[in-house]
Amino acid sequence: MNADCIFCKIVSNDIPSNTFYEDEDVVVFHDIHPIAPVHFLIVPKLHVESLASCDETHHGLLGKMLLLAPKLATQLGLKGFRTMINTGREGGQEVFHIHIHVFGGGETLPKI
Ligand code: AMP
Ligand code: ZN
């Protein structure tokens, strides 16, 4: 838990979120500023700054987070989706608590 971290505050229920999945390791909630009809964030309960600060000890957690993406996307009716992990300021990261974006729905996503 990092007292200044907005996602830690969501994990501890100190600020509200639209959480639709939770287990002992992760919370998953809808992004507050969606960029697609469905856009959610897979967030570990453990405070880890970014993918760049992960090491072998995070192997299982990262695998679990990634495998949740298709499971939850399917539950929300997506037939396809895009995953994104912004890493570091130059990588577009704004919240420094690692998270996987999952988004899709509507039209086919543009090529990037
Ligand atoms: P990133 O740029 O990868 O760090 O993405 C951070 C994401 O968190 C952005 O898409 C924000 O819209 C989203 N976000 C920030 N605060 C909240 C919040 N309180 N609840 C849900 N999503 C949030
Ligand atoms: Zn945090």
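All figures in this text were calculated on a predicted structure; none of them were measured in a lab.

Some thoughts on the environment of Glu24
So, point 1. Assignment of secondary structure puts Glu24 in the loop between β1 (19-22) and β2 (26-30).
So, point 2. Accessibility expressed as a relative area gives 61% for Glu24, which makes it exposed.
So, point 3. Linking Glu24 and Ala3, residues 21 residues apart in sequence, is a C-alpha distance of 20 Å.
So, point 4. Other than its neighbours up to four places away in sequence, Glu24 contacts Lys45 and Lys64.

A look at the side chain of His97
So, point 1. Among the structural elements, His97 can be located in the loop between β4 (82-84) and β5 (100-104).
So, point 2. Here His47 takes part through its side chain, which lies 3.3 Å from a polar atom of the side chain of His97.
So, point 3. His97 has contacts with Cys5, Phe7, Cys8, Val43, Pro44, Lys45, Leu46, His47, Val48 and Glu49, leaving out every residue within four places of it along the chain.

Concerning the pairing of β5
So, point 1. Taking burial as the measure, the five residues of β5 include five buried ones, the bulk of the element.
So, point 2. Because side chains alternate across β5, one face comprises the buried residues Ile100, Val102 and Gly104, and the other comprises His101 and Phe103, equally buried.
So, point 3. Taken together, the five bridges between strand β3 (residues 38-44) and β5 define a ladder with antiparallel strand orientation. Along β5, the bridge assignment pairs His39 with Phe103.
So, point 4. Where β4 meets β5, three bridges bridge the pair, whose relative direction is antiparallel. Each bridged residue has a counterpart across the sheet, and for Arg82 the counterpart in β5 is Phe103.

Details of the pattern of salt bridges
So, point 1. Across all of its chains, the model carries three salt bridges by this definition.
So, point 2. Between Glu22 and Lys45 there is a salt bridge whose closest N-O contact spans 2.8 Å. Within this pair, whereas Glu22 is found in strand β1, its partner Lys45 is found in the loop between β3 and α2 (59-75), the two being separated by 23 residues in sequence.
So, point 3. Take Glu22: its relative accessible area is 45%, and that puts it in the partly exposed class.

With respect to the coordination of the zinc ion (ligand 2)
So, point 1. Here the zinc ion (ligand 2) is held by Cys5 (SG), Cys8 (SG), His47 (ND1) and His97 (ND1), and the distances to it run 2.0 to 2.3 Å.
So, point 2. Of note is the zinc ion (ligand 2), whose four donor atoms meet at the metal with angles of 104 to 116 degrees in an arrangement that counts as tetrahedral.
So, point 3. Spacing between the donor residues of the zinc ion (ligand 2) along their common chain follows C-x2-C-x38-H-x49-H. The pair formed by Cys5 and Cys8 is uniform in burial state, with each residue classed as buried.

Section: the environment of Ile42
So, point 1. Among the structural elements, Ile42 can be located in strand β3.
So, point 2. Between the C-alpha atoms of Ile42 and Val26, which are 16 residues apart in sequence, the distance is 6.9 Å.
So, point 3. With near-sequence residues (within four places) excluded, Ile42 lies in contact with Val27, Val28, Met65, Leu68, Ala69, Ile98, His99, Ile100 and Val102.

Reading the values: the criteria
- Residues numbered from 1 in each chain as written.
- Chains lettered and ligands numbered in written order.
- Predicted model: local features only at pLDDT ≥ 70, side-chain atom pairs only at ≥ 80, totals over all residues.
- Heavy atoms only, no water.
- Helix = DSSP H or I, 4+ residues; strand = E, 2+ residues; numbered from the N terminus.
- Buried < 20%, exposed > 50% of the residue type's maximum accessible area, 1.4 Å probe, protein only.
- Contact = heavy atoms within 4.5 Å.
- Polar contact = N/O pair within 3.5 Å; in protein donor to acceptor, adjacent residues only side chain to side chain.
- Pairing = 2+ DSSP bridges.
- Salt bridge = Lys/Arg side-chain N within 4 Å of Asp/Glu carboxyl O.
- Donors = N, O, S within 2.8 Å, 3.2 Å for Na, K, Ca; no water.
- Tetrahedral: all angles 85-135°; square planar, octahedral: opposite > 155°, others 65-115°.

Function-wise, these values are silent; they only describe arrangement.
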